[in-house]
Amino acid sequence: MIHFALRRAQNIHWQAVDIHKQSRSAQKSQKACVLWFTGLSGAGKSTIANLVEKKLFAMNRHTYLLDGDNVRHGLNRDLGFTDVDRVENIRRVGEVSKLMVDAGLIVLTAFISPFRAERQMVRELLESGEFLEVYVETPLAVAESRDVKGLYKKARKGEIKNFTGIDSPYEAPENPDIRIETTKLSAEEAAEQIVEKLEELGMLRAAS
């Protein structure tokens, strides 16, 4: 068996640069952060995140949306859906999100990210106030009734293994920064509520 550390390269050092995160954020008249959308498959994470980004774009804010399915087509195409692969999937996305925050962007991510520990891991990569956990709360029965992609049906038949909510657990956030109850709000209303929260927190203006 081969054992190796996560960091395999040796003799590397952090290179200091002159333009920093605060300058990049100020240039964009916003505070860089990550909006981390989490919830079951079919909860509406991607739909709501997309609407939020459209609203922010219309407000001339600088954003980038990282979607779970899209990332698995490229950066994480080598990963499956075992617990270990799910954690590595989120670790990579967390590191990419950190780089984008350093670029001064408001980053939106739409990932099931089923484990509290992995979401906490990403939070700890960032500075205080830069990680906002958005729990798109949808009962399993409701998410399964939507089943837009037909994944729950396949999971129930045993055609998909390690499917969150069926044969793999989902650990709901205990104290999310933003809670969206999709049985009470439309996607448009949810997006508006999130933008209002960003305004309330002062994320849509440059630091004074």
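Our subject is the structure listed above.
Residues numbered from 1 in each chain as written. Predicted model: local features only at pLDDT ≥ 70, side-chain atom pairs only at ≥ 80, totals over all residues. Heavy atoms only, no water.

(A) Looking closely at the pairing of strand S5 (residues 178-181). Here S5 shows one buried face, formed by Ile178 and Ile180, and one open face, formed by Arg179 and Glu181. One ladder, built from four bridges, connects strand S4 (residues 131-137) with S5; its direction is parallel. Opposite Glu137, over in S5, you have Glu181 as the bridge partner. (Buried < 20%, exposed > 50% of the residue type's maximum accessible area, 1.4 Å probe, protein only. Helix = DSSP H or I, 4+ residues; strand = E, 2+ residues; numbered from the N terminus. Pairing = 2+ DSSP bridges.)

(B) Just helix H2 (residues 45-58), in detail. Between its first and last C-alpha atoms H2 spans 20 Å; for 14 residues at 1.5 Å apiece the expected length is 20 Å, and the two agree. Taken together, the buried positions of H2 are Lys45, Ile48, Ala49, Leu51, Val52, Glu53, Lys55 and Leu56. Where the residues of H2 are buried, they touch strand S1 (33-38), strand S2 (63-67), strand S3 (106-110), S4, S5 and helix H8 (187-200). Phi turns positive, to about 65°, at Asn60, one or two residues after H2. (Expected span 1.5 Å × (residues − 1). Contact = heavy atoms within 4.5 Å.)

(C) The side chain of Glu130, seen in detail. Topologically, Glu130 is positioned in the loop between helix H5 (116-125) and S4. If we ignore the near neighbours within four places in the chain, the residues touching Glu130 are Lys21, Ala32, Cys33, Val34 and Val101.

(D) Summary view of the nonpolar core. Membership of the largest hydrophobic core comes to 23 residues, with the highest contact counts inside it found for Leu35, Phe37, Ile48, Val52, Ile194 and Leu198. When contributions to this core are tallied by element, the ones reaching two or more residues are S1, H2, S3, S4, S5 and H8. Leaving out residues up to four positions away in the same chain, Val52 has contacts with Leu35, Phe37, Leu108, Ala191, Ile194 and Val195. Judged by nonpolar contacts, the second largest core, of 15 residues, contains Leu105, Phe111, Leu126 and Phe131. (Core = buried A, V, L, I, M, F, W, Y, C linked by side-chain atoms within 4.5 Å.)

(E) Summary view of the packing of aromatic side chains. In total, this model carries four aromatic pairs according to the counting rule given. The interplanar angle of 80° and the centroid separation of 4.9 Å between the aromatic rings of Tyr152 and Phe163 together place this pair among those described as edge-to-face. Here Tyr152 is found in helix H7 (residues 151-156), whereas its partner Phe163 is found in the loop between H7 and S5, with 11 residues between them in sequence. Across the pair, exposure class does not vary: Tyr152 and Phe163 are buried alike. Joined through ring pairs, the aromatic side chains of Trp36, Phe111 and Phe131 make up one cluster. Seen from the ring of Phe81, Arg72 lies directly overhead, with NZ or CZ sitting 3.9 Å from the centre. (Phe/Tyr/Trp six-rings, centres within 6.5 Å; stacked < 30°, edge-to-face > 60°. Lys NZ or Arg CZ within 6 Å of the ring centre and 35° of its normal.)

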